[in-house]
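Spelled out, the chains give:
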Amino acid sequence: MSRTKIGVLISGSGTNLQSIINNITTGNINGEITVVISNKKEAYGLERARQHNIDAVFVNQKDFENLEQFNDVLIEKLENHGVELVILAGYLKILSKKFISLYKNRIINIHPSLIPSFCGKGYYGIKVHEAAINYGVKVSGATVHFVDEEADNGPIIMQESVHLDYEDTAETLQNKILKIEHKILPLAVKYYCEGKLKVVGRKVIIVENEELKNNK
Ligand code: GRF
């Protein structure tokens, strides 16, 4: 089976990007990151990419008149790198309708809460964890999902939870959840690259499990 060509979009430190790079290096993911694109020049994730000889590209939204034109350039860069799967690993911008339809069921996002809690417009970065702490929830977690036209709304591939302690702050919760993210994002990408993710309506079936079920 040929290696899936992956493009990763980032805006920040890129620890999730690193987790994918690590899983590719160990052979756990049958994929290859051909390009990392950031909308922030100073994003450390670009440096991580360079350290692994991956093309690292900064595209400034301010150089474009509107979101569509900016996204057209992102599409062009991804196409030039033969990208088959797009991963949003801490990418903080909205995608254009054209982008989303072009890569339907081929864009994976990681969100640091149990969707549909603490997600959608305005819930990004540390704000997600502040909201969870302020609400007083006992459980939060991370969600990996396919991307559709609405923010944090597409079919869920994988989720994992963490328990909150009374002493937890937004920052300690963020760290707890990042550990989970670094586990479930690579796992979802691994399944994708092995052709094991099947989208049926809002549900994502991990085909291996379905086969096991059928063989019972
Ligand atoms: C992660 O918490 C991710 O869930 C969210 O943004 C953060 C990115 O972290 N979408 P990093 O840049 O991968 O370290």
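So, a few notes on the structure that sits alongside this text. (Residues numbered from 1 in each chain as written. Predicted model: local features only at pLDDT ≥ 70, side-chain atom pairs only at ≥ 80, totals over all residues. Heavy atoms only, no water.)

The next subject is the pairing of strand E1 (residues 4-10). Of all seven residues in E1, six are buried, a share of seventy percent or more. Of the strand pairs in this sheet, E1 and strand E2 (residues 31-38) are connected by seven bridges, and their pairing is parallel. Paired with glycine 7 across the bridge in E2 is valine 35. Handedness of the β-α-β unit built from E1, helix H1 (residues 15-25) and E2 comes out right-handed. (Buried < 20%, exposed > 50% of the residue type's maximum accessible area, 1.4 Å probe, protein only. Helix = DSSP H or I, 4+ residues; strand = E, 2+ residues; numbered from the N terminus. Pairing = 2+ DSSP bridges. Right-handed = clockwise from strand over helix to strand, strands pointing away.)

Below, the discussion takes up unusual backbone geometry. Geometrically, the link from isoleucine 115 to proline 116 is a cis peptide bond, its omega value of 15° lying close to zero. One can find proline 116 in the loop between strand E5 (107-111) and helix H5 (126-135). Located in the positive-phi region is phenylalanine 118, a residue other than glycine, with phi close to 50°. As for its position among the elements, phenylalanine 118 is in the loop between E5 and H5. Among the residues examined, phenylalanine 118 registers a relative accessible area of 15% and is labelled buried. Here aspartate 152, not a glycine, exhibits a phi torsion of approximately 55°, which is positive.

We now examine the nonpolar core. Within the largest apolar cluster, 43 residues are counted, with the highest numbers of intra-cluster contacts made by Ile6, Val8, Ile33, Val36, Ile87, Val144 and Ile157. Take this core: its biggest share by element is 10 residues, from helix H6 (residues 170-193). Inspection of this core shows a minimum of three residues originating in each of domain 1 (1-103) and domain 2 (110-216). For valine 8, the residues in contact, after removing those within four places along its chain, are Leu17, Ile33, Val35, Val36, Ile37, Ile87 and Ala89. Core analysis: the next-biggest nonpolar cluster, separate from the first, contains 20 residues, Phe70, Leu88, Tyr103 and Val147 among them. (Core = buried A, V, L, I, M, F, W, Y, C linked by side-chain atoms within 4.5 Å. Domains from an automatic or database assignment. Contact = heavy atoms within 4.5 Å.)

Attention shifts here to the environment of threonine 172. Mapping threonine 172 onto the fold places it in helix H6. Threonine 172 sits in the partly exposed class, given a relative accessible area of 35%. Each C-alpha atom, one on threonine 172 and one on glycine 122, is 21 Å from the other, the two residues being 50 residues apart in sequence.

Coordinates in, geometry out; function isn't part of it.
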